[in-house]
Amino acid sequence: MPGYNLVDGPWLMARPMDGGPPVRLGIAEVLARAHEFEGLVVEFSTQLPAVLRQVLLPVVAHATGAPRTLDEKGERLAQKHGFTEGERKLLETYLDEHRAQFDLFDPKNPFGQVAGLRTAKGETKGSAALVATAASGNNVPLFASRTDADPLDLTPAQAAHWLVHAHCWDTAAIKTGVVGDDQVKAGKTTGNPTGPLGQLGVIVPTGRTLYETLLLNLPVTPPTVLGVPQWLRGPHGPAWKPRAAEGLLDLWTWQARRIRLVPHEDGSGQLRVARVVISAGDRLTPMPEREPHTAWTFTAPAKKSATARPERRPRRHTQGKAAWRGLDALLSATRQGPEGAFETSVLLDEISGLREIGSLDADYPLQVETFGMVYGTQSAVVEDVLHDSIPLSLLALHQDSEAHELLLDVAEQAEQLARAVNNLSADLRRAAGAEPVPWDKGQRPGEFLLHLLDPLVRRLLAGVRGAGDDEEQLHQGRLAWEEVAHRHAREAADALLLAAPAATFGGRTLEQPGKAGEAAKAGKAGRTRSYSLGAAGANFRRQLDEILPRWTDALRQAAAAREAEIGPGPDHDPDLGADFDH
């Protein structure tokens, strides 16, 4: 049976800079022409970091070397025509020398697989077991158009993408036992973790071209700790073990599963993959301190003692939250926030350094893509896939910059506005004799407001990136944000107020939670609070003024100017006027 070599087989799709249709290329050509493409096109979003880490970045780093200093990284980024002639020669030589290791169906050492991998009974599974979006066993996506019994013929290009995806993101729990694995019990292995990327909130900075994206994702790494990729550690056998990563390239090409693709020829003589064998692979312990594609959070140690230090763990993305809502963990080398201490990714920290040494301009069009996987039922099924992309100002990566303060303020103001709307909803429900919507159940109106604010924040992020260090533009952007955010928040509040039942006009007086029992013991009346339509509206307006102070001041100044011009009416009430001016 013929092979399929990833070096020149057209399994990658790249998007040209001129806006033309994507072109299909192998590893060699996509790297040689990396400066001609905006980026890669993948069938499923989480395939992108898998292809970068399992294939392209390791090839570049091992063939040409990772940058040893920040200055060297900056110099390589400045190359307008991609890799230099010397680097292209190194890449060409490297891929020629290791071409055999990139054959997807090599009978002795197939790429990313174990030759001859088999179960005791010679069983195989449908190729859907590789595909996160396909029904397979207990992993049945909502509204799936096929069942586990339907055959799924993958092209070699599709199979290659899902192969590296499985090494990065595969589900956990029970895996098929195979011959040669001495840790198999009753024909299976248990306790398998998810793939390494499934344990992270993945952050991938992207540049103007694929070449720049590759360089932005190559961390400064001394040659002594670079290590070697999986294709030079093999051939792998069915046995596995828990171990630490031996260098950056070992981490990127981690073989989290033992896999064998079973190819066949279809009716037209084309290679297809419909059956696979997937079993347990190496378990990464512990997560390396220098993992470049994630931010970090510091939590209280599990065992408290005088010498115990906070535990540093990868920060995972939150389901349902846009990437800009996690800016506090992206923008600072180290930051203390309401949820604890954060540390940004190694790559974003280096990009900040590149700006400081002048290798990147303040208005460089940096995009940050975030990826994550939500697992359910003991991490044995995929419940959701997270992917977002936001523009990010390089100046905002510096803690003492105006852009940094503005973006953090905007993200926090959006959250506060959502809480204010939720508080209004809760107060109106109490006034009507109902209980507030629980924070973890139902659709809260604050989430709808955040949905309305999302495109506004994204436009602001792009504007801040383009403004550079122009303080006047940043000030105008902040004021414009507060104006539109104020309007959206008032519209959300008005919808709640107009829908409130008549009973909320009179309202109710309730004892404060936790006070009634204490008061009864002391022989005193408990503390009470009145809830009504008027009180709820006034409380919301007060919160709105506090959250958006600049626009509130602008409104008051405008009202004062009008009053100075035409004078107050005979029955003018300044406080009431301020309310309606909003």
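Keep in mind it's a predicted model, so treat the numbers as computed, not measured.

A. Here's a closer look at the overall build of the protein chain. Of the regular secondary structure elements, the protein chain holds 17 helices and 19 strands. Projected onto its principal axes, the C-alpha coordinates of the protein chain cover approximately 95 × 60 × 55 Å. Counting over 582 residues, the protein chain shows a buried share of 50%. Within the protein chain, counting contacts between residues at least 6 apart in sequence, those at least 24 apart form 69% of the total. For the protein chain, the exposed area adds up to about 27200 Å²; of that, 51% sits on carbon and sulfur atoms. Averaging the coordinates of the 63 positive side-chain charges in the protein chain and doing the same for the 75 negative ones gives two points 8 Å apart.

B. Spotlight on the environment of glutamate 483. Looking at the secondary structure, you find glutamate 483 in helix α12 (residues 471-499). Residue classification places glutamate 483 among the partly exposed residues on the basis of a relative accessible area of 34%.

C. The arrangement of the packing of aromatic side chains in detail. The tally for this structure, following the rule as stated, stands at five aromatic pairs. Arranged with centres 4.9 Å apart and planes meeting at 85°, the rings of phenylalanine 83 and tyrosine 211 form a pair that is edge-to-face. In this pair, phenylalanine 83 is assigned in the loop between α3 (70-77) and α4 (85-97) and tyrosine 211 in helix α6 (residues 210-216), connecting sequence segments 128 residues apart. Just as phenylalanine 83 is buried, tyrosine 211 falls in that class too. Between the aromatic rings of phenylalanine 102 and phenylalanine 111, the centroid separation amounts to 5.5 Å while the plane-to-plane angle is 20°, which identifies the pairing as stacked. Residue class for phenylalanine 111 comes out buried when judged on its relative accessible area of 3%. Ring pairs connect the aromatic residues Phe102, Phe111 and Trp231, which therefore count as one cluster. Positioned above the aromatic ring of tryptophan 296 is the side chain of arginine 312, whose terminal nitrogen or guanidinium carbon lies 3.8 Å from the ring centre.

D. Focus on the packing of α3 against helix α9 (residues 346-356). The geometry of α3 relative to α9 is characterised by a closest axis approach of 10 Å and an angle of 80° between their N-to-C directions. With respect to their mutual orientation, α3 and α9 come out roughly perpendicular. Contacts between α3 and α9 involve Leu70, Lys73, Gly74 and Leu77 from the former and Leu347, Glu350, Gly353 and Leu354 from the latter. Across the contact of α3 with α9, the residue classes break down as four nonpolar, two polar and two charged.

E. Molecular detail of α9. Where burial is concerned, most of α9 is hidden: eight out of the eleven residues are buried. The complete set of buried residues in α9 reads Val346, Leu347, Leu348, Glu350, Ile351, Ser352, Gly353 and Leu354. Contacts made by the buried residues of α9 are with α3, β7 (202-206), α6, α8 (327-330) and β16 (367-376). Just past α9, the residue glycine 358 takes up positive phi, approximately 85°.

F. Here's a closer look at the nonpolar core. Formed by 140 residues in total, the largest nonpolar core has its most connected members in Leu56 and Leu327. Ranked by residues supplied to this core, first place goes to helix α10 (residues 402-431) with 13 residues.

G. Structural context of the side chain of asparagine 217. You can see asparagine 217 is positioned in the loop between α6 and β8 (242-243). Of the residues examined, asparagine 217 reaches a relative accessible area of 0% and is grouped as buried. Polar contacts involving the side chain of asparagine 217 include one to the side chain of histidine 293, which spans 2.9 Å. Aside from chain neighbours lying at most four places away, what touches asparagine 217 is Leu57, Val204, Pro205, Trp252, His293 and Leu347.

H. Quick look at the pattern of salt bridges. Applying the stated criterion across every chain, the model contains 32 salt bridges. Here arginine 313 ties to glutamate 311 by a salt bridge, and the two come within 2.5 Å at their closest N and O atoms. According to the relative accessible area criterion, arginine 313 is partly exposed, its value standing at 42%.

I. Region of the structure containing the packing of α10 against α12. Where α10 contacts α12, the two axes come as close as 11 Å, and the packing angle between them is 10°. Accordingly, the angle class assigned to the pair α10 and α12 is roughly parallel.

J. Inspection of the sheet that holds β7 at higher detail. Reading across the sheet, the three strands line up as β7-β16-β17 and stay open at both edges, with antiparallel pairing between neighbours. Looking at strand neighbours, the two that pair on one side only are β7 and β17 (381-391), the edges of this open sheet. Across the sheet, the mean angle from the axis of one strand to that of its neighbour is 15°, orientation sign disregarded. Bridge analysis of β16 against β17 gives ten bridges, and the strand direction is antiparallel. Across the sheet, valine 368 pairs through a bridge with isoleucine 390, a residue of β17.

K. Region of interest: α4. For α4, with 13 residues, the first-to-last C-alpha span of 18 Å sits near the 18 Å given by 1.5 Å per residue. Where α4 is concerned, the buried positions are Glu87, Leu91, Tyr94 and Leu95. The arc that holds the buried residues of α4, viewed along the axis, is 95°, so those residues lie on one side. Turned more than 90 degrees off the buried face of α4, the exposed positions are Glu85, Lys89 and Glu97.

L. Main features of unusual backbone geometry. Note that the residue after glycine 234, namely proline 235, is joined by a cis bond; omega there is 0°. In the segment running from threonine 285 into proline 286, the intervening peptide bond is cis, with an omega of -10°. Within the fold, proline 286 resides in the loop between β11 (283-284) and β12 (296-299). Phi is positive for glutamine 378, close to 60°, though the residue is something other than glycine. Mapped onto the elements, glutamine 378 comes out in the loop between β16 and β17. The exposure class assigned to glutamine 378 is exposed, which follows from its relative accessible area of 74%.

M. Expanded view of the confidence of the model for the protein chain. Per-residue confidence for the protein chain gives a mean pLDDT of 90; residues scoring 70 or more make up 91%. Here residues 572-582 is a poorly scored stretch, pLDDT under 50, and it has eleven contacts once near neighbours within four places are set aside; other chains count.

Calculation rules
- Along each chain, numbering runs from 1 in the same order as the chain's sequence is written.
- Per-residue local features of the predicted model are confined to residues with pLDDT of at least 70, and side-chain atom pairs are confined, for both listing and counting, to 80 or more; whole-chain, interface and lining totals are unaffected and use all residues.
- Computation of side-chain values: all heavy atoms of the structure, hydrogens and water removed.
- Where helices and strands are cited, they refer to DSSP runs of H or I of at least four residues and of E of at least two residues respectively, numbered from the N terminus.
- Accessibility here uses a 1.4 Å probe with only protein chains present; expressed as a share of the type maximum, an area under 20% marks a residue as buried, one over 50% as exposed, and anything in between as partly exposed.
- Here, residues are in contact when the closest pair of their heavy atoms is within 4.5 Å.
- The method behind every accessible area is Shrake-Rupley, applied with a 1.4 Å probe, and residues are considered shielded solely by the protein chains displayed.
- Neither His nor the chain ends contribute to the count of charged residues, in which Lys and Arg are positive and Asp and Glu negative.
- All charge positions are set by atom: Lys at NZ, Arg at CZ, Asp at CG, Glu at CD.
- Aromatic rings from Phe, Tyr and Trp, taking only the six-membered ring of Trp, are treated as a pair when their centres fall within 6.5 Å; an angle between ring planes under 30 degrees marks them as stacked, one over 60 as edge-to-face, and anything in between as tilted.
- For a lysine, the NZ atom is tested; for an arginine, the CZ atom; a charge sits over a ring if that atom is within 6 Å of the ring centre and within 35 degrees of the ring normal.
- Between the N-to-C directions of two axes lies an angle of 0 to 180 degrees, each axis being a line fitted to C-alpha atoms and, for a helix, fitted only over the stretch in contact.
- For this classification, under 35 degrees means roughly parallel, over 145 means roughly antiparallel, 65 to 115 means roughly perpendicular, and everything else is oblique.
- We call Asp, Glu, Lys and Arg charged. Ala, Val, Leu, Ile, Met, Phe, Trp, Tyr, Cys and Pro are nonpolar, and the rest, Gly among them, are polar.
- Nine residue types can take part in a nonpolar core, namely buried Ala, Val, Leu, Ile, Met, Phe, Trp, Tyr and Cys, and a core is a set of them joined through side-chain atoms within 4.5 Å.
- Distance and chemistry together define a polar contact, namely a pair of N or O atoms within 3.5 Å, with one atom able to donate a hydrogen and the other to accept it when in protein, and with adjacent residues in sequence counting only for side-chain atoms on both sides.
- A side-chain nitrogen of Lys or Arg and a carboxyl oxygen of Asp or Glu constitute a salt bridge if their distance falls within 4 Å.
- Any two strands are treated as partners once DSSP identifies two or more bridges connecting them.
- To estimate how far a helix should reach, multiply one less than its number of residues by 1.5 Å.
- What the arc measures is the spread of directions leading from the helix axis to the C-beta atoms.
- The quantity known as pLDDT measures the predictor's confidence residue by residue, on a range of 0 to 100.

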